[in-house]
Amino acid sequence: MQYRRVVELMTEKELGLHLEVRGWVRSCRHSKEVTFIDVNDGSCLANLQVVAEGSLANYAEEVKRLTNGSAIVVRGEFCASPAQGQAVELRASTIKVVGWAAEDYPLQKKRHSFEFLRQISHLRPRTNSLGAVARIRSALSYAVHSFFKERGFFYVHTPIISTGDCEGAGETFTVSALNLEKLALQGQKLDWRQDFFGRQANLTVSGQLEAEAYAMALGRVYTFGPTFRAENSNTSRHLAEFWMVEPEMAFCDLQDDIDLAEEFLKYLLRYALANCQEDLALMMNYVDKDLSLRLENVAEKAFVRLSYDEAVRLLTDAKVDFSYQVQWGADLHSEHERFLTEQIFKQPVVVTDYPLQIKPFYMRANDDGQTVAAMDILFPGIGEIIGGSQREERLERLVGRMESLGMVLDEYQWYIDLRRYGSAPHAGFGLGFERIVQFVTGMKNIREVIPFPRTPGSAAF
RNA sequence: UCCUCGGUAGCUCAGUCGGUAGAGCAGGUGGCUGUUAACCACCCUGUCCGCGGUUCGAAUCCGUGCCGAGGAGCCA
């Protein structure tokens, strides 16, 4: 007996096969002598219709009592369906109930709100929409790796536990093996020297600095892993735990960096369009009907590139009454970014050469002494999706900048060393992976595009 | 963290002027049909988010706490 997944059967041409399907009941339509069961095995969006005749040994006892969500193994003949609604079906010879779903199974056949589904994150992948999102996320993840592999990048696993904070990347979560409760009860002071690592450690906020070290050895590398921010951000675009893709390239400047980033984003969109058609069609029906048009547009058109200077001028000339004033030297706010991408250009925009004082220490100073070789890629509806820069490869410049920011150089000696031993121009960027999954799926809330979202006050499951 | 809006059955929601609750779905029972968000009949389901107040009487009005959503800040 051949075990087959539903996704294969949807394109199987040979009829009359005897085979086995394993999955979960999505819906049952009972009558006296025949029951139709929609079985979903997660391999694709589509259900397989199983036809269960009254002659089955366990028809009255089990088949007629099947509940939604139950796990079943069906053996039978794969044949053309005489009725409309599906091309093929499985005429059951045996149906084995592997695991019953209790009658309080919370998923109904009707639509649920995403807020409700979030409360049952362990069950929500069994819905059409969250199942589709999970498959699209997986496809995009695969595309990340294939994109870099095709271009000769090496995948580097940077550490999750770190002792630097990538300066300005946000609040960190402390990692400790100390018995904090006991220390508090005893009224003792925290002494990190007594802790596991002999100093204070935290969950990483970025793998960039470590990736730079490997770029200085392997040439072109990327990281793709979880990162953590303890910011009290309560928005539909932020998570406390999210996945970031961070390539780093030696012998590259800002222009190469932007070219790569644009090519990368388009590659991901085209990959999804080519490989996730069925799931994207579902998202278009239920979440955003213009989705594929928007994805195709972004995948084909060249991104608009402009300097921070020009962006500030455009926003000032627009004579729009913003809540935050646009002025040279201040960072662009959400409303400004949205105005650029959604009102002026109606497509992705790359803003480059930001003022030095609003950007972190590792970005390369431009010759004007005022700006750095930085770039942000802004997407309509999403905001900043990529942030990157050419890194400061000149020892004196880097150290000078760190000193002026009051940083403790000892903490970063290894990073400074990279400029002492064969430094080379290099550049990289970071992509918030969930943001691109959001863009591709059209999901409004970032909590729907990661399986078990971590946000302030919420780490259940 | 700030602003705005919300919390009624397992789910989606209605509930008028203050008089202690309802419809669909889910679940149960039966019927019926190659059905397909099946259909029909009957049955079951409530700390109206918690606490306090006003009132003869509160799901409804007031205060407060908790939780959720949208937006902002911060960022990816």
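Residues numbered from 1 in each chain as written. Chains lettered and ligands numbered in written order. Predicted model: local features only at pLDDT ≥ 70, side-chain atom pairs only at ≥ 80, totals over all residues. Heavy atoms only, no water.

J.: Explain the overall build of chain A residue by residue, including any values.
T.: Helix and strand content of chain A: 13 helices and 17 strands. Its C-alpha atoms give chain A principal-axis dimensions of roughly 85 × 60 × 45 Å. Here chain A holds 461 residues, and the buried ones make up 50% of them. For chain A, the proportion of contacts with a sequence separation of at least 24, taken over those separated by at least 6, is 67%. Taken as a whole, chain A presents about 22600 Å² of accessible surface, with 50% of it coming from carbon and sulfur. (Helix = DSSP H or I, 4+ residues; strand = E, 2+ residues; numbered from the N terminus. Buried < 20%, exposed > 50% of the residue type's maximum accessible area, 1.4 Å probe, protein only. Contact = heavy atoms within 4.5 Å. Areas by Shrake-Rupley, 256 points an atom, 1.4 Å probe, with all protein chains shown as cover.)

J.: Give a detailed account of the environment of M363, specifying residues and quantitative values.
T.: Within the fold, M363 resides in the loop between β14 (349-352) and β15 (374-379). Linking M363 and Q390, residues 27 residues apart in sequence, is a C-alpha distance of 6.0 Å.

J.: Outline the sheet that holds strand β8 (residues 161-162), supporting the account with residue identities and numerical values.
T.: The three strands are arranged β8-β10-β9 in an open sheet whose pairing can be described as antiparallel. For this open sheet the edge positions go to β8 and β9 (174-175), each flanked by a neighbour on one side alone. (Pairing = 2+ DSSP bridges.)

J.: Can you break down the side chain of R137 residue by residue, with the values?
T.: Its place among the elements puts R137 in helix α3 (residues 128-150). Relative accessible area serves as the criterion here: at 12%, R137 is assigned to the buried category. Other than its neighbours up to four places away in sequence, R137 contacts W243, F433, E434, V437, V449, I450 and P451.

J.: A description of the sheet that holds β14 should follow, citing residues and the corresponding values.
T.: As summarised here, the arrangement of the eight strands in space is β7-β11-β12-β17-β16-β15-β14-β13, forming an open sheet in which the pairing is mixed. The open sheet is flanked by β7 (154-155) and β13 (304-307), the only strands paired with a single partner. Bridging between β15 and strand β16 (residues 383-390) involves six bridges; their strand directions are antiparallel. Bridge pairing links A374 to S389 in β16. Seen against the sheet, helix α6 (residues 254-275) touches β12 (241-250), β13, β14, β15, β16 and β17 (426-432) and runs at an angle of roughly 30° to β17. Taken strand by strand, helix α10 (residues 334-344) contacts β14, β15 and β16, and its axis lies near 65° from that of β15. (Axes fitted to C-alpha atoms, helices over the stretch in contact; angles between N-to-C directions.)

J.: Describe the domain arrangement of chain A, naming the residues involved and giving the relevant values.
T.: Many analyses report the size of an interface as the accessible area lost when the parts associate. Splitting chain A by domain gives domain 1 (3-99) and domain 2 (124-448). The distance between the C-alpha centroids of domain 1 and domain 2 comes to 45 Å. Of the residues lining the interface, eight residues belong to domain 1; the matching set on domain 2 comes to seven residues. Summed over both sides, the interface between domain 1 and domain 2 buries roughly 630 Å², with carbon and sulfur atoms accounting for 44% of that surface. The tally of links between domain 1 and domain 2 comes to zero salt bridges. Scanning the region where domain 1 abuts domain 2 turns up five residue pairs in polar contact (both at pLDDT 80 or more). Taken together, the residues of the side of domain 1 that touches domain 2 break down into four nonpolar, three polar and one charged. (Domains from an automatic or database assignment. Buried area = accessible area lost by both parts, 1.4 Å probe. Salt bridge = Lys/Arg side-chain N within 4 Å of Asp/Glu carboxyl O. Polar contact = N/O pair within 3.5 Å; in protein donor to acceptor, adjacent residues only side chain to side chain. Nonpolar A, V, L, I, M, F, W, Y, C, P; charged D, E, K, R; others polar.)

J.: Give me the lowdown on the nonpolar core, citing residues and values where you can.
T.: Ranked by internal contacts, the top residues of the largest apolar core, which has 59 residues, are I377, F379 and I436. Sort the elements by how many residues they give to this core and α6 lands first, with twelve residues. (Core = buried A, V, L, I, M, F, W, Y, C linked by side-chain atoms within 4.5 Å.)

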